[in-house]
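Coordinate analysis (summary)
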Amino acid sequence: MADLSIEFAGIKSPNPFWLASAPPTDKAYNVVRAYEAGWGGVVWKTLGEDPAAVNVSSRYSALYGPNREVMGINNIELITDRSLEINLREITQVKKDWPDRALIVSLMVPCVEESWKYILPLVEATGADGIELNFGCPHGMPERGMGAAVGQVPEYVEMVTRWCKTYSSLPVIVKLTPNITDVRLSARAAHRGGADAVSLINTINSITSIDLDMMVAHPIVGSQSTHGGYCGAAVKPIALNMVAEIARDPETRGLPICGIGGIGTWRDAAEFVALGCGAVQVCTAAMLHGFRIVEDMKDGLSRWMDSKGYTSLNDFSGRAVGNTTDWKYLDINYQVIAKIDQDACIGCGRCHIACEDTSHQAIASLKQEDGTHKYEVIDDECVGCNLCQITCPVDDCIEMVVQDTGKPYLNWNEDPRNPYRVAS
Amino acid sequence: MIDTLSHLPRPDADATELAKNFSDLAPPLNARQAALESARCLYCYDAPCINACPSDIDIPSFIGSISHDNVTGAAQTILSANILGGSCARVCPTEILCQQACVRNNEKECAPVLIGLLQRYAIDNAQFSEHPFKRSAATGKRIAVVGAGPAGLSCAHRLAMHGHEVVIFEAREKSGGLNEYGIAKYKLVDDFAQKEVDFLLQIGGIEIRHGQKLGDNLTLTELHQQFDSVFLGLGLAASKQLGLADENAAGLMAATDYIRELRQTDDLSQLPVANRCIVLGAGNTAIDMAVQMAKLGARDVNLVYRRGLSDMGATDHEQHIAKDNQVRLLTWAQPETVLLDDAGKVRGMRFAKTRMENGRLSTTGETFELAADAIFKAIGQAFDNNSLSDPLAAELKRAGERIWVDENLRTSIAGVYAGGDCTSLDQDLTVQAVQHGKLAAEAIHSTLSLKVEAA
């Protein structure tokens, strides 16, 4: 079997699956259960200055799929609501009992040097393997000048990162907020401040749904609500893009990235690694199904790696980065056309109506003698947008077939139709 | 055995047509069906299906693995709890076990998740590059297993995993027990029982000696002396008797004997067919017998039972299979007389009508006759007492006619364990036998390990 062990920013872990700083890593009880279940590491739920935060009730809401599958969760919980002393004591004991697992401590204190100077040695004394700076929490804490309030200002990110490198010898992972316009600016700031790694994404500002009787958003606190942080499967595409942006940014090239956002299966994890991550963090999937999900994550990843001949994560980490580029470099002469496998087609008609109403009227509906319909692609009308394939409920029924146009690679910079083209 | 029916005709259909009749009763799922069905699983915590599985398979986990495109991982999850998960997926009465317990087994949810078929999908489509279980370091201990049926095989595999050497003593030519000789042909097609045995033996450390029968050329006394432990997975080798006159007449035989011939023959068209036949009994073997006779071309198959439909051991699902194959289920009638023709061959049976009277089954005084060319007894299996005739075996404590065991499958003799149908514990099911074998192996292992520590 493939070797899943990693060394990420100097932190050793038997596998790349870590639990993110969140309710699942709130206290020793949960963390020990996680280690027993086989997680390679945890990021302990964010510590802060005493007095500890106070939470409201209720705290979570969700976006559901048609079968009541949870697509994403929104939360308004704050950092730890337990005292610093209790957390530090538990961290010390857990690390002592589980020396082979990664234990990273998430931190959030005011944007004042003295606060960081005070807490960092206390954390280091626990024997923890590293620290993660929570610059991302989008609710509650920014109003106190912490969390996303720091993460959204690159100068602050750089400054606090530097303090941490000054007052601690532990590896520093800077957790980035997605609630910004360009995540590369934060990543570059962390890099300048001396960060050993970045982790992303933290949760996204969100409101999942509105109770139309009470006219209030979820989760409801009395008769009010507030925006929360969105996570779970639904945020994965956003996270993957932000990871890719940082991975291919020349200014941060080589900076270790810990992927977070909607990871629930081994395949999700493999995708983040393919975009350059050296470890991943999981939260929502564990909150929905319990810590046992890690078994199939490890097993599935390892078997897939075996099938590809990859012996370690390094063998395929970042393999998809080079193929991720700017639109302007895409081949304008590349052409695909949809092809429907008539034997596989179940005749649901979804491809037809999607194309007819919203795209290029390129799928004909042909009524048959027996009253059923046959769906056929009109090649001349098809632009190769993939929508029919996306709507089709049958795997591999609609194939996007590459056409031989006989034309060479041509990108938009070079295209004569581009009035601003760069003359070659 | 089947000589008693040699005067009967052969099937009208040719071998090809008959082979079709005996094809897979529940065809396997394809990839899309498996994906759709696995997505229906709600991944329950403390899942009722697991509790309902006698062999403790982690059903939600393996279905989740199928859903996540990790079919080999799914198979490993199944096999780690039940090394005969492939045959259990085919022969288990899931309608009274996991699928009965499934939280989607109600009208609102349409139907239970098809756990049996998903399990078969995982096992059939797994791609192991080598045997998925490794043996622990050799212990130097040798264990005798009597019977290469599901209990014995399961026990042997688990013992081999723990590093012990195992010798299986099997009376018949082939291993597999009822999977090979006793299950209806259309439930286990393509020689699956033998393929499964071959897979199981890949672990190594298991030797099977065929033609070795306890009470015949083998004694418990010897085994107890020569091995560190003994496991008895004898099954129930004898068929129960009706206790009527002319029970040995031509045309009357035990259903299990006929099924064994049917399972072993290469040419179904050479089997004797009773165009009019009677099957006596109410369990799954009775159904298997009646349906197989119907599939061979019998025109008039009557399954007769002395009580009502709801008392039958055969599940609703099994009764439906019988009805789908034009088997007539006659209830509240018990055999009274075997009717013979001038040549002394079976020509039918006279039955006494029965009813419940003050909680007891009694005859009403009315009788009726059914014409038949053959009568098959499927009124239950019995313990073969010859197998426990040697001095040590005779000492085994019994529960009724079966072998008494405690919850760790220990018999009354130290170092001797037993499991499966030959014991009084639990239901007589393949999956239960597998569990007994596994638990017995664990008990044997822990006892032998303790001895090593103490030594």
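Every chain begins its residue count from 1, and numbering advances along the sequence as written. Chains carry letters from A onward and ligands carry numbers from 1 onward, assigned in written order. Note on the predicted model: pLDDT of at least 70 is required for a residue's local features to be given, and 80 or more for side-chain atom pairs to be given and counted; whole-chain, interface and lining totals, by contrast, use all residues.

This paragraph deals with the overall build of chain A. Secondary structure follows DSSP: runs of H or I at least 4 residues long count as helices, runs of E at least 2 residues long count as strands, and numbering of each begins at the N terminus. The helix and strand tally for chain A stands at twelve helices and 20 strands. In terms of overall size, chain A behaves like a compact globule, its C-alpha atoms giving a radius of gyration of 24 Å where 424 residues would be expected to give roughly 22 Å. Referenced to the eigenvectors of the C-alpha coordinate spread, the extents of chain A come out at roughly 75 × 60 × 45 Å. Three exposure classes are used, based on other C-beta atoms lying within 10 Å of a residue's own C-beta, which is placed from the backbone: buried for 20 or more, exposed for 12 or fewer, and partly exposed in between. Of all 424 residues assigned to chain A, the portion counted as buried reaches 45%. Contact criterion: two residues are in contact if their C-beta atoms, reconstructed from the backbone, are within 7 Å. Expressed as a percentage of contacts within chain A between residues at least 6 apart in sequence, the contacts between residues at least 24 apart total 72%. Values of the radius of gyration come from C-alpha atoms, whereas the globule rule sets the reference at 2.2 Å times the count of residues to the power 0.38.

A few words on the overall build of chain B. Along its length, chain B carries 17 helices and 17 strands. Taken over the C-alpha trace, chain B has a radius of gyration of 23 Å; the compact-globule value for 455 residues is 23 Å, and the two agree within 12%. Principal-axis analysis of the C-alpha atoms places the extent of chain B at approximately 70 × 60 × 50 Å. Scored against the burial criterion, the 455 residues of chain B give a buried share of 49%. Considering only contacts within chain B whose residues lie at least 6 apart along the sequence, 71% involve residues at least 24 apart.

Below, the discussion takes up the domain arrangement of chain B. Residue and element names in this part refer to chain B. Assigned domains of chain B: these are domain 1 (31-125), domain 2 (142-236 + 383-454) and domain 3 (239-380). Each of domain 2 and domain 3 was reduced to a C-alpha centroid, and the two centroids are 31 Å apart. The interface is formed by five residues belonging to domain 2 together with eight residues belonging to domain 3. Classification used: nonpolar for Ala, Val, Leu, Ile, Met, Phe, Trp, Tyr, Cys and Pro, charged for Asp, Glu, Lys and Arg, polar for all others including Gly. Of the residues that constitute the side of domain 2 that touches domain 3, the class distribution is two nonpolar, one polar and two charged. Note that domain bounds follow an automatic or database assignment of domains.

Here we come to the sheet that holds strand 11 (residues 346-357) of chain B. All names here are of chain B. Reading across the sheet, the three strands line up as 10-11-12 and stay open at both edges, with antiparallel pairing between neighbours. Only two strands of the sheet have a single partner each, and these edge strands are strand 10 (333-340) and strand 12 (360-371). Across the sheet, the axes of successive neighbouring strands diverge by a mean angle of 20 degrees, strand direction being ignored. A strand pair is defined by DSSP finding two or more bridges across the two strands. Axis geometry follows a simple rule: fit a line to the C-alpha atoms, using only the stretch in contact for helices, then measure angles between N-to-C directions, giving values from 0 to 180 degrees.

All right, on to helix 11 (residues 192-201) of chain B then. Residues and elements named next belong to chain B. Residues Phe192, Ala193, Glu196, Val197 and Leu200 constitute the buried set of helix 11. The buried residues of helix 11 all sit within an arc of 140 degrees when viewed along its axis, so they share a single face. In this fold, the buried residues of helix 11 make contact with helix 6 (85-91), helix 9 (150-161) and helix 10 (178-181). The arc refers to the directions leading from the helix axis to the C-beta atoms.

Now for the sheet that holds strand 4 (residues 41-47) of chain A. All names here are of chain A. If you trace the eight strands once around the closed barrel, you get 3-4-7-8-9-10-15-16, paired in parallel fashion. Strand after strand, the sheet turns through a mean of 25 degrees between neighbouring axes, direction not considered. Packing of helix 5 (residues 154-167) onto the sheet brings it into contact with strand 8 (130-134) and strand 9 (172-175), and relative to strand 9 it is tilted by some 160 degrees.

Bringing the interface of chain B and chain A into the picture now. Counting residues at the interface gives nine residues for chain B, matched by nine residues for chain A. Sorting the residues of the side of chain B that touches chain A by element identifies helix 4 (59-67) and helix 5 (71-81) of chain B as the ones contributing at least two each. Its residues placed into classes, the side of chain B that touches chain A shows two nonpolar, six polar and one charged.

The next subject is the packing of helix 5 of chain A against helix 6 (residues 183-192) of chain A. All names here are of chain A. At a minimum axis separation of 7 Å, helix 5 and helix 6 run at an interaxial angle of 25 degrees. In terms of their interaxial angle, helix 5 and helix 6 are classed as roughly parallel. Both helix 5 and helix 6 take part in a crossing whose hand is right-handed. In this structure, helix 5 uses Pro154, Val157, Glu158 and Thr161 to contact helix 6, whose residues at the interface are Leu185, Ser186, Ala189, Ala190 and Arg192. Of the residues that constitute the contact of helix 5 with helix 6, the class distribution is five nonpolar, two polar and two charged. Any angle between 65 and 115 degrees counts as roughly perpendicular, while under 35 counts as roughly parallel, over 145 as roughly antiparallel, and the rest as oblique. The sense of a crossing depends on the near helix, which, turned anticlockwise from the far helix by less than a right angle, makes the crossing left-handed and, turned clockwise, makes it right-handed.

On to the domain arrangement of chain A. When the domains of chain A are assigned, the result is domain 1 (6-315) and domain 2 (327-402). Here the C-alpha centroids of domain 1 of chain A and domain 2 of chain A sit 40 Å apart.

Right, let's get into unusual backbone geometry. All names here are of chain A. With omega at -5 degrees, the peptide bond leading from aspartate 50 into proline 51 counts as cis. Following the sequence through the fold, proline 51 ends up in the loop between strand 4 and strand 5 (60-64). The amide bond that connects leucine 200 to the next residue, isoleucine 201, takes the cis arrangement and shows omega of 10 degrees. Counting through the fold element by element, isoleucine 201 comes out in the loop between strand 10 (197-200) and strand 11 (204-206).

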